[in-house]
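# Structure assessment
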Amino acid sequence: MKVCIAEKPSVAREIASILGATARRDGYFEGNGYQVTWTFGHFCTLKEPHDYTPQWKRWSLEVLPMIPPRFSIKLIDNDGVQKQFGVIESLIAKADEVINCGDAGQEGELIQRWVMQKAQCKVPVKRLWISSLTEESMREGFTNLKEQAAFDKLYEAGLSRAIGDWLLGMNATRLYTVKYGQNRSVLSIGRVQTPTLALIVNRQLEIENFKPEPYWELKTVYRETTFSATKGRFTVKEEGEKFLDEIKEADFVVTDVSVKKGEEAPPRLFDLTALQVECNKKFAFSAEETLKTIQALYEKKLVTYPRVDTTFLSDDIYPKIPAIMRGLSGYEELVKPILAAKIPKSKKVFDNSKVTDHHAIIPTGVRANAMGGNEQKVYNLITNRFISAFYPNCKIATTTVLGEVNKVEFKVTGKQILEPGWRVVYERQSDTQDEKEEEADKDDNILPAFEKGESGPHTPALNEKWTQPPKYYTEATLLRAMETAGKLVDDDELRDALKDNGIGRPSTRAAIIETLFKRNYIRKERKNLYATQTGVELIGTIKEELLKSAELTGIWEKKLRQIEKNEYDPRQFIDELKQMLSEIVTNVKSDWGTTITIEEAVKEQEKPKKKTTTKKKTPSEKKEKKEKAEKPKKEPDTNIVLCPLCKKGSVLKGKTAYGCSGWKSGCAFRLPFEESGADLSNAELRAVLEDKYK
């Protein structure tokens with residue numbers, strides 16, 4: 001009998017159907033020589049400190065560092081887990097062969113290996129390794145089962161990560177809690193969590209300590225086109241005024257007009273981080289929301305495996321592209337020109353050297369039915385990105401016009417789209433206020449026709465500006481910072497080069513950010529992330545750069561990836577962590593540091609209460625609520641709700657959110673309907689805003 005262990009009941013049901021194991025048993029399916037059972041998440045975990053020795057149960061500096069001579073696992077204390085494990089254990093005991101059908105990634109490998117290890121599996125093990133849950137992909141996977149040994153290094157990397165997180169998390173958390181936590185709350189320290197918090201804290205302190213300085217820009221308007229002085233900004237106003245005086249009376253002369261033609265390639269396919277970034281920018285989804293949504297789409301067989309860190313496809317996917325395109329219901333007009341000719345095979349899309357376990361996230365071509373609102377949005381992003389990858393490059397012309405006024409040089413650059421190419425895929429989008437704003441910012445600066453030697457009057461001006469601090473992190477920019485170990489990188493190729501040193505993995509970064517929220521180390525206001533007083537003080541208290549440096553943590557992450565590729569010894573990685581841990585414990589024990597403020601839960605983290613509630617109100621409460629609701633109606637501006645952000649515009653109702661009438665002038669106020677409700681009266685809207693912005 002062959003025993004298949006899937007990652008969850010729904011996947012087990014699909015596998016059983018394909019294998020012909022149609023008889024339902026208690027905890028498994030059976031038939032055609034197969035028994036198909038399942039796990040649901042982690043069944044096993046590394047033992048707690050007190051499981052090794054009773055002495056480690058007490059939180060005390062004297063017992064630190066806690067370093068077990070050998071790490072062991074235990075079954076999670078949960079009735080459902082223990083019952084299902086009993087089923088798996090009994091099936092494995094009678095099996096001739098086990099097929100590991102777990103999630104095809106590092107964490108999935110670790111979950112399944114620990115279960116088989118705990119069940120004392122002695123029979124040969126094969127591995128099902130697939131990139132989508134479609135029937136075709138599963139059948140192909142069972143036809144080409146791999147040897148378990150081929151994934152030993154993947155398991156060793158996952159085990160090293162788990163042990164490293166245990167060593168640092170258990171020891172450093174107890175160390176800082178006992179030393180600085182006032183016995184009021186646990187101060188959680190983590191190998192990835194702490195440097196991520198440090199990124200947010202350091203950015204916040206940089207903003208708070210920023211001192212704006214004035215500067216002046218010399219510009220002039222000629223033929224309704226604004227030209228900028230090539231000298232750049234002036235730090236002394238008098239110097240700028242001197243140049244302004246020199247050009248006031250003279251005519252503007254065009255000295256050169258150059259046109260350079262070029263091409264823009266389609267945007268890269270999505271990896272998980274890029275998808276989370278895009279969803280946060282366009283829809284304000286948290287990283288966790290995006291991960292849950294894409295996981296749901298994967299389980300519905302609509303997209304390929306999501307927890308990936310590559311934006312490329314492997315060569316074996318190329319022959320499948322036409323069938324995938326034909327299966328995209330609702331996108332027929334967009335795929336028609338692609339299917340009408342030979343599909344291009346660009347190195348920017350297909351590159352085996354850039355693909356390890358899984359390729360980029362793409363649609364499977366399975367007909368999309370029964371999708372929720374968020375699922376539809378994410379599916380559209382993935383599908384449009386996939387389709388656009390096979391469209392021609394966008395052809396552009398960049399025009400640079402140089403001018404001169406009394407020997408003072410000016411310049412303006414404009415871009416014109418000659419052939420839209422892949423951009424036609426996105427022409428039907430941009431229907432939310434945020435997207436319209438974003439598109440407005442990207443509008444190409446189309447210039448009128450200028451001729452070299454022409455001249456005429458112009459209107460010069462010296463504009464005062466102030467230096468701006470860096471922006472607070474959003475989840476989108478934080479994910480990018482985690483991916484590149486804190487370095488600000490826009491270039492795709494350079495970002496790829498830095499990915500090996502990123503902190504966390506694509507599949508875990510969302511959970512890390514959520515942990516920071518739950519620990520009350522950070523809070524969110526609109527899209528911006530702020531560190532709480534506890535978070536700021538915790539990072540300020542940690543003196544060891546190894547604990548809070550994104551760059552150094554990125555080096556550890558690189559070593560974990562090298563373990564996966566058999567380029568680094570896992571024992572050396574653990575030994576290095578043990579040595580570092582011993583040094584940290586010694587340093588903190590001898591520190592005279594102060595205590596850390598433990599903040600209560602931050603209200604901004606809660607979503608505003610919706611206007612409906614199941615709680616019954618007393619007559620006096622109903623009267624009080626009625627009076628509050630009626631009170632705003634006595635104000636003179638009954639039809640206007642003032643924007644709480646800019647205090648100038650009025651709040652307007654859009655398709656998916658409330659926004660400010662002054663959004664074109666730069667006001668970023670936005671209140672999604674899911675946070676407030678879509679049908680609020682002015683009085684109710686004012687009440688929500690007063691609560692949110694008090």
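Thresholds, definitions, all that
Residues numbered from 1 in each chain as written. Predicted model: local features only at pLDDT ≥ 70, side-chain atom pairs only at ≥ 80, totals over all residues. Heavy atoms only, no water. Helix = DSSP H or I, 4+ residues; strand = E, 2+ residues; numbered from the N terminus. Buried < 20%, exposed > 50% of the residue type's maximum accessible area, 1.4 Å probe, protein only. Areas by Shrake-Rupley, 256 points an atom, 1.4 Å probe, with all protein chains shown as cover. Contact = heavy atoms within 4.5 Å. Polar contact = N/O pair within 3.5 Å; in protein donor to acceptor, adjacent residues only side chain to side chain. Pairing = 2+ DSSP bridges. Axes fitted to C-alpha atoms, helices over the stretch in contact; angles between N-to-C directions. Phe/Tyr/Trp six-rings, centres within 6.5 Å; stacked < 30°, edge-to-face > 60°. Arc of directions from axis to C-beta. Parallel < 35°, antiparallel > 145°, perpendicular 65-115°, else oblique. Left-handed = near helix turned anticlockwise from the far one by under 90°. Nonpolar A, V, L, I, M, F, W, Y, C, P; charged D, E, K, R; others polar. Patch = residues over 30% accessible without salt bridge, like charges linked within 9 Å, V, L, I, M, F, W, Y side chains within 5 Å. Salt bridge = Lys/Arg side-chain N within 4 Å of Asp/Glu carboxyl O. Core = buried A, V, L, I, M, F, W, Y, C linked by side-chain atoms within 4.5 Å. pLDDT = per-residue confidence, 0-100.

Tallying secondary structure elements over the chain gives 24 helices and 21 strands in all. Residues counted as buried form 49% of the 694 residues belonging to the chain. Total accessible area on the chain stands at roughly 35200 Å², and carbon and sulfur atoms take up 49% of it.

A word on the environment of K589. Mapped onto the secondary structure, K589 falls in helix α21 (residues 570-589). The spatial distance from the C-alpha of K589 to the C-alpha of Y176 is 9.5 Å, given a sequence separation of 413 residues. With residues near it in sequence (within four places) discarded, K589 still touches L61, E62, L64 and K179. Separated by 3.0 Å, the side chain of K589 and the backbone oxygen of L64 make a polar contact.

All right, on to the sheet that holds strand β7 (residues 97-101) then. What links the strands of a sheet is backbone hydrogen bonding, and the strands pair in either a parallel or an antiparallel sense. Across the sheet, which stays open at both edges, the 7 strands sit in the order β2-β3-β4-β1-β7-β8-β9 with mixed pairing between neighbours. The sheet is open, and its two edges are formed by β2 (23-25) and β9 (146-147), each paired on a single side. In this structure, β2 lies alongside strand β3 (residues 28-31), joined through 3 bridges in antiparallel fashion. Directly across from R24, in β3, lies its bridge partner F29. Contacting β1 (2-6), β3, β4 (34-38) and β7, helix α3 (residues 79-94) runs over the sheet at an angle of about 155° to β4.

In total, this model carries 23 aromatic pairs according to the counting rule given. Taking 5.8 Å as the distance between ring centres and 80° as the angle between the ring planes, the aromatic pair formed by F227 and F450 counts as edge-to-face. Remark: F450 occurs in the loop between α14 (433-442) and β15 (455-456) and F227 occurs in strand β11 (residues 225-234); sequence separation between them is 223 residues. Accessibility assignment for this pair places F227 and F450 in one class, buried. A centroid spacing of 6.2 Å and a plane angle of 55° characterise the contact between F350 and F390, whose relative ring orientation is tilted.

Those residues of helix α18 (residues 533-541) that fall on the buried side of the exposure criterion are T534, G535, L538, I539 and T541. Seen from one end, α18 has its buried residues packed into an arc of 160°, which puts them on one side. Buried residues in α18 make contact with α6 (152-180), α7 (193-208) and α19 (545-548).

Regular strands place side chains that alternate from one sheet face to the opposite one. As defined by bridge partners, strand β17 (residues 522-525) adjoins strand β18 (residues 528-531) across 4 bridges and the pair is classed as antiparallel. Across the sheet, the residue bridging to E525 is N528, located in β18. Taking the residues between adjacent antiparallel strands as the criterion, β17 and β18 are bridged by 2 residues, where R526 takes a positive phi near 55°.

Moving on to the pairing of β11. Note: strand β10 (residues 214-222) against β11, 6 bridges, orientation antiparallel. Residue pairing for β11: T220 is matched across the bridge by F227. Between β10 and β11, which pair antiparallel one after the other, the connecting turn spans 2 residues, and R223 there sits at a positive phi close to 50°. Relative to strand β14 (residues 408-419), β11 is paired through 2 bridges, and the arrangement is antiparallel. Bridge pairing in β14 places S228 opposite K411.

Contact geometry for helix α9 (residues 272-283) and helix α13 (residues 373-388): axes closest at 11 Å, N-to-C directions at 120°. Considering the angle they form, α9 stands oblique to α13. Between α9 and α13 the crossing geometry is right-handed. Note on element contacts: α13 touches α9 through K377, V378, L381, I382 and R385, opposite L275, E278, C279, K282 and F283. Of the residues contributing to the contact of α9 with α13, the split by class is 6 nonpolar, no polar and 4 charged.

This part covers the sheet that holds β15. Pairing is antiparallel in the open sheet, where 7 strands are placed in the order β15-β12-β13-β14-β11-β10-β16. The open sheet terminates on both sides in strands that have one partner only, identified here as β15 and β16 (459-466). With respect to the sheet, helix α8 (residues 237-247) is in contact with β10, β11, β13 (394-405), β14 and β16, its orientation differing from that of β16 by roughly 170°.

Once that is clear, we can look at the environment of R561. Secondary-structure assignment places R561 in helix α20 (residues 550-564). Owing to a relative accessible area of 8%, R561 belongs among the buried residues under this scheme. Distance from R561 to R505, taken between C-alpha atoms, is 9.9 Å for residues 56 residues apart in sequence. Contact partners of R561, with chain neighbours within four places excluded, come to D309, K499, D500, G502, G504, R505 and R509.

Another aspect to go through is a nonpolar patch on the surface. A grouping of W59, V178 and V186 is seen on the molecular surface, where their side chains present a nonpolar patch of about 220 Å² in accessible area. Looking at V186, the relative accessible area reads 36%, which means it is partly exposed.

Looking now at the pattern of salt bridges. In this structure the tally under the stated criterion is 34 salt bridges. Measuring nitrogen to oxygen at the nearest pair gives 2.9 Å for the salt bridge that ties R223 to E454. One end of the pair, R223, is in the loop between β10 and β11; the other, E454, is in the loop between α14 and β15, and 231 residues separate them in sequence. According to the relative accessible area criterion, R223 is partly exposed, its value standing at 39%. Take E454: its relative accessible area is 19%, and that puts it in the buried class. With a shortest N-O distance of 2.3 Å, E525 and R523 are connected by a salt bridge. Note on R523: relative accessible area 19%, which makes it buried. One connected set of salt bridges, linked through shared partners, spans R161, D165, R191, E557 and R561.

Before going further, it helps to examine unusual backbone geometry. With an omega dihedral of 0°, the bond running from L64 to P65 counts as a cis peptide bond. You can see P65 is positioned in the loop between α2 (49-52) and β6 (73-75). Despite not being glycine, K301 shows a phi value in the positive range, around 70°. Within the element layout of this structure, K301 appears in the loop between α10 (287-299) and α11 (321-326).

Further remarks concern the nonpolar core. I15, I294, F386, I387 and F390 are the most contacted members of the largest nonpolar core, which totals 151 residues. Element by element, the count of residues in this core is highest for α6, at 11 residues. Setting aside its immediate chain neighbours within four residues, I294 contacts L272, L275, V303, P306, I361, V378 and I382. Within the second largest apolar cluster, 19 residues are counted, among which are A229, F243, V254 and V401.

This brings us to the environment of F243. Structurally, F243 can be placed in helix α8. As for F243 and V405, which are separated by 162 residues in sequence, their C-alpha atoms are 10.0 Å apart. In this structure F243 touches L218, K231, F234 and V408, once residues within four positions along its chain are discounted.

What follows covers the confidence of the model for the chain. Looking at the chain as a whole, the pLDDT averages 87, with 87% of positions reaching at least 70. Taken as a whole, residues 430-437 scores under 50 in pLDDT and shows 16 contacts with residues more than four places along the chain or in a different chain. Note that pLDDT drops below 50 for residues 601-638; the model gives that stretch 29 contacts with residues more than four away or on any other chain.

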